[in-house]
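This is what each chain is made of:
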Amino acid sequence: MKLQRMNRRALALGALAVSGALALTACGSDDTSSGTGGSSASATTDASSIKCDDAKGQLLADGSSAQKNAIDAWVKQFTAACNGVQINYKGGGSGAGVTAFTQGQVAFAGSDSALKPEEVTASKSVCKDGTGIDLPMVGGPIAVAYKLDGVDDLVLDAPTIAKIFDGKIAKWNDAAIKKLNPSAKLPDLKIQAFHRSDESGTTDNFTKYLIATTPDNWKYSGGKAWQAKGGQSASGSSGVAAGVKQTNGAIGYMELSYAKDGLGTVAVDTGASAPVKASSEGSTKAIADAKVVGTGSDMSLKLNYATKADGAYPLTLVTYEIVCDKGNKADTLPATKAFLRYIASEQGQGVLSGIDYAPIPAEINAKVRTTIEGLS
């Protein structure tokens, strides 16, 4: 089905978004120190409205670093209400999360890409009489963030972005960048392009955008592993953000909540009436133009990266929580269901807009909630 409506109600709930420092103690997490507003939350949640049921014990989870700031905010609220539960989410990247899930090491995983057929097959050995499924839970703009002294506003289009990250455009005063930014004072300075060193759903979605919009300039097959030559690499969204912040002339891709503290974000010329900057609202508009392609209980989506709708930000990812539809471990199932129920609720989704994420549109989210109730 094609989704035509934004989740206006969920966006309005952005008023519930939270502020204040948040620190999850995650076992070995490599992505806990983003230093961004995205890791903030306040105690505005009504804890009495969170349904804990029989949730208790420890939940181990791993995966997408792009969603980690959202998970941190949710964990703080959920564990305040359900104090018998401890949730340790290691934001080690989507690839690490899926591997941990298919090896039975975690109760659920986060991934910015849906399970591949071979990963679904692998999950059957963990999900007794069931299979791993994708539940879309977090929308997020992938910001193209930069540090360039004296340049506060920057417009790029897909061909130019592709050439920068493929090493074909090497200087900031290149003619292609000057044409898109005629009033900017672009220096004769080398571009330092940062990409992810770990397998990442953010990389997968970033390169899917380039493949869909400018295939002549991005001739790689795509996937979670970075394929272009050259450039600088760093682990996790926080690592890329840190690398860009430390280097004048640097540029990198990261989930929007990491693009803070002196970083500028690129406005993307999509062919719409005006270039579009990364935002929660723009991301939700893009997700609302997606198609559900999963079958059965699976809710994987196909995004329209080439959208030209006004205000729709095309460099958008959806993070899935991956869980067994059947065959979840009996000792973790109550806590897993309770936590997923909370984050899919209006209350949980309402946190997202204020911390630079995008709520999942209502039509999709209603089905996600139904699926969660059926987990066994």
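Enquirer: So what about the nonpolar core? Which residues, and what values?
Expert: One finds W74, M137, F165 and I251 to be the most contacted residues of the largest nonpolar core, which totals 94 residues. At nine residues, the largest contribution of residues to this core is made by strand β4 (residues 132-147). Excluding residues within four positions of it along the chain, F165 makes contact with V144, A193, F194, F206, W218, W226, A228, I251, G252 and Y253. Formed by nine residues, the second largest nonpolar core is a distinct cluster that contains V98, A100, L115 and C127.

Enquirer: Could you give an account of helix α2 (residues 68-81), naming the residues involved and the relevant values?
Expert: One turn of the α-helix equals 3.6 residues, which is why residues spaced by three or four share an orientation. Taking 1.5 Å per residue as the helical rise, α2 with its 14 residues ought to reach 20 Å, and the 20 Å between its terminal C-alpha atoms agrees with that figure. Burial within α2 is extensive, with ten of its 14 residues counted as buried. Buried within α2 are the following residues: K68, N69, A70, I71, D72, A73, W74, V75, Q77 and F78. In this structure, the buried side of α2 is in contact with β2 (85-90), β4, β14 (316-324), α10 (333-344) and α11 (346-349).

Enquirer: Tell me about the pattern of salt bridges, and please be specific about residues and values.
Expert: Within this structure, the stated rule accounts for ten salt bridges. Each member of the salt-bridge network shares a partner with another, and the members are D53, R341 and E373.

Enquirer: Residues and numbers for the confidence of the model for the protein chain, please.
Expert: Across the protein chain, the average pLDDT comes to 88, with 87% of residues at or above 70. Contacts from residues 1-44, a stretch scored under 50 in pLDDT, to residues over four places away or in other chains number 122 contacts.

Enquirer: Run through the packing of aromatic side chains, naming residues and quoting values.
Expert: Any aromatic ring pair is given by two values, namely how distant the centres are and how the planes are angled relative to each other. Counted according to the given criterion, the structure contains eleven aromatic pairs. Here the aromatic rings of F165 and F206 are separated by 5.1 Å at their centres, their planes lie at 70°, and the arrangement is edge-to-face. Remark: F206 occurs in helix α7 (residues 201-213) and F165 occurs in helix α5 (residues 158-165); sequence separation between them is 41 residues. Across this residue pair, the class does not change: F165 and F206 are buried. With a centroid separation of 5.5 Å and 55° between ring planes, the pair formed by W218 and W226 is classed as tilted. The same class applies to W218 and to W226, which are both buried.

About the criteria used
- Residues numbered from 1 in each chain as written.
- Predicted model: local features only at pLDDT ≥ 70, side-chain atom pairs only at ≥ 80, totals over all residues.
- Heavy atoms only, no water.
- Core = buried A, V, L, I, M, F, W, Y, C linked by side-chain atoms within 4.5 Å.
- Buried < 20%, exposed > 50% of the residue type's maximum accessible area, 1.4 Å probe, protein only.
- Helix = DSSP H or I, 4+ residues; strand = E, 2+ residues; numbered from the N terminus.
- Contact = heavy atoms within 4.5 Å.
- Expected span 1.5 Å × (residues − 1).
- Salt bridge = Lys/Arg side-chain N within 4 Å of Asp/Glu carboxyl O.
- pLDDT = per-residue confidence, 0-100.
- Phe/Tyr/Trp six-rings, centres within 6.5 Å; stacked < 30°, edge-to-face > 60°.

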